[in-house]
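Notes for the structure review
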Amino acid sequence: MSEDRATVTIEVDGREIQAKAGDMLINVTDAAGIPIPRFCYHKKLSVAANCRMCLVEVENVPKPLPACATPVNDGMKVYTRSPKAIAAQKGTMEFLLINHPLDCPICDQGGECELQDVAMGYGGDVSRFVEAKRVVPNPDLGPLVSTDMTRCIHCTRCVRFGAEIAGIRELGATGRGEHMRIGTYVEHALNSELSGNIIDVCPVGALTSKPFRFRARAWELTQFDGIAPHDAVGANIHLHVQNGKVMRVVPKENEAINETWISDRDRFSYEGLYSSDRLMQPMLKDNGAWREVEWEEALEAAVNGLRAAMGSDSAQFGTLIAPTSTVEELYLAQKLTRGLGSGNIDHRLRQTDFRSLGDHPPFPWLNGAIADLEDVDAALVIGSHTRKEQPLLAHRLRKAALKGAYVALLNPFEVPLSHDAEQIAVSPASMVAELAAIAKAAGVKATGDLKKRIDGAKPDDRHKAIAQRLRDAGHGRILLGNLAAAHPDYVLLQALASELAQTVGAGLGYLPVAANSVGAAIAGAEAGRLPGWKRTDAAALDAGAMLEKGLRTYLIAGIDPELDCANPAGAVATLAGAECVVALTAYRTPTLEQVADVMLPMALFAETSGTYVNGEGTWQGARGVVAPVGKARPAWKILRVLGNLLGLEGFDYESADAVRSELEAECEGFEPAAGEIELGDAALMLQNDGLVRAGDVPIYAADTLVRRAGALQHTPDATTGFVSLNPTEAARAGLADAREVRVTQGENSVTLPLEIDPAVPDGCVRIPAGVPGSAGLGVPFGAVGLEKG
Amino acid sequence: MANEVCFRTLDLDRPWLLEQYQSRGGYEVLSRILKEQTPPSEIIEEVKKSGLRGRGGAGFPTGVKWGFINRDAPGEKYIVCNSDEGEPGTFKDRDILRYNPHQLIEGMAIAAYVIGARRGYNYIRGEFWEPYERFEAALEEAREAGFLGDDILGSGFDFELHAHLGAGAYICGEETALLESIEGKKGQPRFKPPFPAQFGLYGRPTIINNTESLASIPEILRQGGDWFRELGVENSGGTKLFAVSGNVNNPGVFEVRMGMPFAELLELAGGMKEGRQLKAVIPGGSSAPVIPGAQMMDLTMDYDAIQKAGSMLGSGAVIVLDDSNCMVKVLERMSYFYHEESCGQCTPCREGTGWLYRVVHRIETGQGRPEDLDLLDDVATKIPGRTICALGDAAAMPVSGMLRHFRDEFAYHVEHGRCMVGGNGNGNSN
Ligand SMILES: Cc1cc2nc3c(=O)[nH]c(=O)nc-3n(C[C@H](O)[C@H](O)[C@H](O)COP(=O)(O)O)c2cc1C
Ligand code: SF4
Ligand code: FES
């Protein structure tokens, strides 16, 4: 519709401007660089026209009109600075200030406050209001957002943000007139994973960052650009630094990537930089006792350990590296590993099913631009707690849904969404069968094991509807999420999804697990894949095999083995049994102390330069903006020095940029291919009539940094672990009145609090992974036994 | 002549009953229209001819408003009646609901036919419990008699009408706040344009009229637009319900012809109580600027005359004040009302109404300052025309009016810290 609107000419303050008929005046003047003061207007939110700050004079209209709500038409003459316009703007300014506390000296917003700025231009020097000002009590919105509601100017941006963007109405305006208040009505902590954005949309100091409260004044901070290191979006951020410390993170606008938003995880994870368990100094284990050493000594010990792995024993060496590492780190880690003669390197730490998908599997990326997600007209998401896994991708899908797209999800439990969707929630053991039913309904023809699955499927109306909607869609997308990637039948899910996508003419995409899962694949930090995602037949163990087999020597980088590996109990036992474990780590933890022999303190995001490749394949570089804490060093430098000390070729990089350039050269000609799945024999692994665990990774347990972000760990989404079952299953297991449950998975067992949750389907027990409570268990999907704890 | 349109059945025993209404030709107009399938444009022409202007306060020509709807556009359309009647001094629609509910129902059914609506709502002020029940009972009678529901009188025309009881907020009388409230949302006015005729209830084209406007329709169509127009005077066709209150002997609602001299209306209302002196009149509800008594005695009750005197006929709520009233106190009471009833969404009204009230209150309690009168004048000019709805104007106009005509009383208050009117200034004769 917007395309065929007529072009009109208007005149603003004597200047001719072309615009599309029907555009709001404020958009037109903004584009032309003509300033009009405003508070309630926000380009991403609906028009409220309630603050009345943007009043301007329009010829032949007796009343001043709000620029934010006045559509332009041909020949319109506008005066933004005429006596009438200025009088109206000043009038509003005075009204806004009479009840505002003007406590700028003690307000965190001071110096970056829209009200303060506009008041400089339009406010009076002395207030004519001599009565007592309004005072409003502050609701407690939880650990992230601090409230000073006396400062609120009732623009309702925060309310509209919740209703329109976050999609859950947490804030509202109650009361009339002067008694109007912004709050949650019944006081509770904010639940939205995007809640922190209300800090930015609030033009005044009513909603501010709680972790940042009273830490610094805006003008004392230096702003740097960065990339958020938590999910497949790679949100663009600004890091605000004071005295060499990151004080806070705010969004940097990038319409194609994160628009103007960031998730709470991206905003508040910087607190993890300054967690008390940061490793400040290299450490060595001597006869079971740890001591702090200088870098030289530590490096020597590491090199000795790794050198033993060279040569004939190189197959006994392997590297496990976090998918949150930078591309440079991932590239150097694989170069070092392969330089030592081993093909054993992997970043897919939470994956359990590594069976072959043939020689040309699809490249695991979104398969399209992030922004494209809002234009799909049908999507099937397989195994993803979308909002908590990929907050900003979920936001794009929500936008699509609001525009009328059909969204279906297949998950081991029902997930809370902010839009309409068809949700199929079944036991993990039935996920393959459900997907096969959709495939059958869509008429997928297959061979081999896949055919067996499809033949056995019984599509019902829901499956048929999903197949039909996907088929009818001009722009359909099938997406595989983290819960699929951790599933024991991941290859079956992928193969079915791929066949289904081809049959219905939809795109097949992946919601990459971590900030650099795509970067890791491209950098060659994956078993069987060289830089540029080139296939290699050289012997290689994947992450699962490395930890199952038990190698003699390991290099681990950026991971907490008990939280970042698919099988935490198994990983810790295997690493503990190895001869030598060299750990590049930012944190000193009891588990690392137990399993490692050398701990080399590494820098984290913001402390190191590096590149992230997001889900749509965009390479986004970030500079180190603060020095690493203590004696920590950027991991790419540690790897460089290890390479040199080991006498390996080609480790003389001048800078991280040089590493990136080398990789870029190796990626010449790389195109993420659609691929073709050839499934060999692939039996159904997860077959169980009893209770099966579904282990999702909670939003604030995803990686080492966020797990240590203090404020996030106090939100409702933070957990150390629980067991949740629906009431029927709880009763069946004799746990109806239990508070704690003893969970047994294979040889392991732990005791966890029980939560009854009807969103969990029959046959399933949800026990999150990546959290301390389940670190004593095995893989995220598998049979478990429960008894009263 | 009195009681010719909305009150034409008032003399009957229990006029609210269907049979009584029908005994005076009730529902004949609707039946005829449906039988003859009168072209809607003809009806609109007739209503235009009648000179009927919206009785909710703004006085917008009803026929013109109806013409804004394209009845043939696909999709749902709605007719909504505004019986919120929250303006202080106004209590005329209540009597229509109580005594002549069927005429309103018939009027709404005709309006629905004209604009192509199949559903209507009557939004009734929250405090009007008894009138609400009376209206519901009438709806039930009308449904049973086949004047509402599917295929009315075999004409193929479907119309269902629902009563919706408000919750006591004055702002819900503002037409778009009213629509929000029916939709189950917080009653806050919408920004206009778009107007309800394009984007109304549930986003559909909607006509919203005052109770009295709609209740006048059947009689207008029965006797003809010319007949109605000629009852009144130039620019003010027909009759009008005046709700007379204040220091009069016989307060109440009177249906009289437009253009009646105020002196006669005062006579109908029993004259001044205790024979006191008429001091001032607020001629059109609390938001209408006050007119000094002497001037008022020379005016006629119609849109033009009152407007020329610097006020407005508004909803026809006539508040009569005698010389025992302190005008500062009167204004304080009104300012308090608007301050309390502002919805709070837009800045000038939310902040300005509170400021006005506080300054008036300060003057009333002897704390006024010499500069306060200019301050009041100034604040009162900074609200109107800059708000989302007209409540801001409604709050400011009485302030400007009072200062225009009774500035000396305010100045006296400031100077002496007390009232120049003896006693408590409460309007003793009340
Ligand atoms: C604050 C405010 C309160 C109003 N209250 C009422 C009311 O109680 N009843 C009414 O009919 N109109 C009321 N109106 C006027 C309506 O917005 C609207 O103009 C009217 O219902 C239209 O009907 P009419 O054209 O038949 O007069 C109010 C307007 C404002 C700004
Ligand atoms: S003028 Fe007052 S009542 Fe009307 S929208 Fe604005 S704040 Fe609400
Ligand atoms: S920005 Fe236009 S009214 Fe607030």
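Up top you'll find the structure we're talking about.
From a predicted model like this one, the values you see are computed outputs, not experimental measurements.

Some points on the overall build of chain A
Broken down by element type, chain A carries 23 helices and 35 strands. What you see for chain A is a C-alpha radius of gyration of 28 Å, in line with the 28 Å of a compact globule of 789 residues. With respect to the three principal axes, the spread of C-alpha positions in chain A is 90 × 65 × 60 Å. Looking at the 789 residues of chain A, the share that counts as buried comes to 62%. A sequence separation of at least 24 residues applies to 72% of the contacts in chain A between residues at least 6 apart. When the accessible surface of chain A is split by element, carbon and sulfur atoms take 49% of a total near 28800 Å². Here chain A contributes 76 positive and 100 negative side-chain charges, whose respective centroids are spaced 4 Å apart.

Topic: the packing of helix α8 (residues 327–339) of chain A against helix α22 (residues 656–666) of chain A
All names here are of chain A. Running from amino to carboxyl end, α8 crosses α22 at an angle of 70°, the nearest separation of the two axes being 9 Å. One element, α8, and the other, α22, form an angle in the roughly perpendicular class. Residues Val327, Glu328, Tyr331, Leu332 and Lys335 of α8 lie in contact with α22, whose contacting residues are Ala656, Val659, Arg660, Glu662, Leu663 and Glu666.

Here we look at the packing of aromatic side chains
Counting across every chain of the model gives 19 aromatic pairs over all chains. On the basis of an interplanar angle of 55° and a centroid distance of 4.9 Å, the ring pair of Tyr170 of chain B and Phe337 of chain B is categorised as tilted. Residue Tyr170 of chain B is located in the loop between β3 (160–165) and α8 (175–182), and its partner Phe337 of chain B is located in helix α14 (residues 327–341); the two are separated by 167 residues in the primary sequence. Taken together, the aromatic side chains of Phe95 and Phe129 of chain A together with Trp355 of chain B make up a single cluster linked through ring pairs. The ring of Phe212 of chain A carries Arg248 of chain A above its face, with NZ or CZ at 4.5 Å from the centroid.

Re the sheet that holds strand β2 (residues 15–20) of chain A
Residues and elements named next belong to chain A. Within the open sheet, the 5 strands sit side by side as β2-β1-β5-β3-β4. Their pairing is mixed. This sheet does not close on itself; its edge strands, each paired only once, are β2 and β4 (65–66). Pairing between strand β3 (residues 55–58) and β4: 2 bridges, direction antiparallel. Bridging from a neighbouring strand, Val56 pairs with Leu65 of β4. Sheet strands touched by helix α2 (residues 83–98): β3 and β5 (77–79). Its angle to β3, the strand with the most contacts, is close to 160°.

Examining a nonpolar patch on the surface
A cluster of nonpolar side chains, contributed by Phe60, Val64 and Phe68 of chain B, occupies part of the molecular surface with about 260 Å² of accessible area. If you trace the backbone, Phe60 of chain B turns up in the loop between α3 (40–50) and α4 (62–66).

Some thoughts on the site of ligand 1
Residue and element names in this part refer to chain B. Around ligand 1, a shell composed of 18 residues is seen, among which Gly56, Glu85, Asn209, Asn210 and Ser213 lie nearest. Within the side chain of Asn82, one N or O atom sits 2.9 Å away from an oxygen atom of ligand 1. Within the contact set of ligand 1, an oxygen atom lies 2.7 Å away from a side-chain nitrogen or oxygen of Asn210. Surface burial for ligand 1 is 90%, taken as the share of its 610 Å² of free accessible area covered by protein chains. Examining the composition of the shell around ligand 1, we find that 3 residues originate from one element, strand β4 (residues 206–210), more than from any other. In terms of residue class, the shell around ligand 1 is made up of 4 nonpolar, 8 polar and 6 charged.

So, the nonpolar core
Core analysis: the largest hydrophobic core is formed by 154 residues, its most contacted members being Leu584 and Leu600 of chain A. The contacts of Leu600 of chain A, once residues within four sequence positions are left out, are Leu279, Trp295, Ala298, Leu299, Ala302, Val582, Ala583, Leu584, Thr585, Ile638 and Leu642 of chain A. In this structure, Ala117, Phe147, Leu148 and Ala243 of chain B belong to the second largest nonpolar core, which totals 58 residues.

About the cut-offs
- Residues numbered from 1 in each chain as written.
- Chains lettered and ligands numbered in written order.
- Predicted model: local features only at pLDDT ≥ 70, side-chain atom pairs only at ≥ 80, totals over all residues.
- Heavy atoms only, no water.
- Helix = DSSP H or I, 4+ residues; strand = E, 2+ residues; numbered from the N terminus.
- Rg over C-alpha atoms; globule rule 2.2 N^0.38 Å.
- Buried < 20%, exposed > 50% of the residue type's maximum accessible area, 1.4 Å probe, protein only.
- Contact = heavy atoms within 4.5 Å.
- Areas by Shrake-Rupley, 256 points an atom, 1.4 Å probe, with all protein chains shown as cover.
- Lys, Arg positive; Asp, Glu negative; His and termini not counted.
- Charge placed at Lys NZ, Arg CZ, Asp CG, Glu CD.
- Axes fitted to C-alpha atoms, helices over the stretch in contact; angles between N-to-C directions.
- Parallel < 35°, antiparallel > 145°, perpendicular 65-115°, else oblique.
- Phe/Tyr/Trp six-rings, centres within 6.5 Å; stacked < 30°, edge-to-face > 60°.
- Lys NZ or Arg CZ within 6 Å of the ring centre and 35° of its normal.
- Pairing = 2+ DSSP bridges.
- Patch = residues over 30% accessible without salt bridge, like charges linked within 9 Å, V, L, I, M, F, W, Y side chains within 5 Å.
- Salt bridge = Lys/Arg side-chain N within 4 Å of Asp/Glu carboxyl O.
- Near = heavy atom within 4 Å.
- Polar contact = N/O pair within 3.5 Å; in protein donor to acceptor, adjacent residues only side chain to side chain.
- Nonpolar A, V, L, I, M, F, W, Y, C, P; charged D, E, K, R; others polar.
- Core = buried A, V, L, I, M, F, W, Y, C linked by side-chain atoms within 4.5 Å.

Geometric descriptors of this kind do not, in isolation, establish any biological role.
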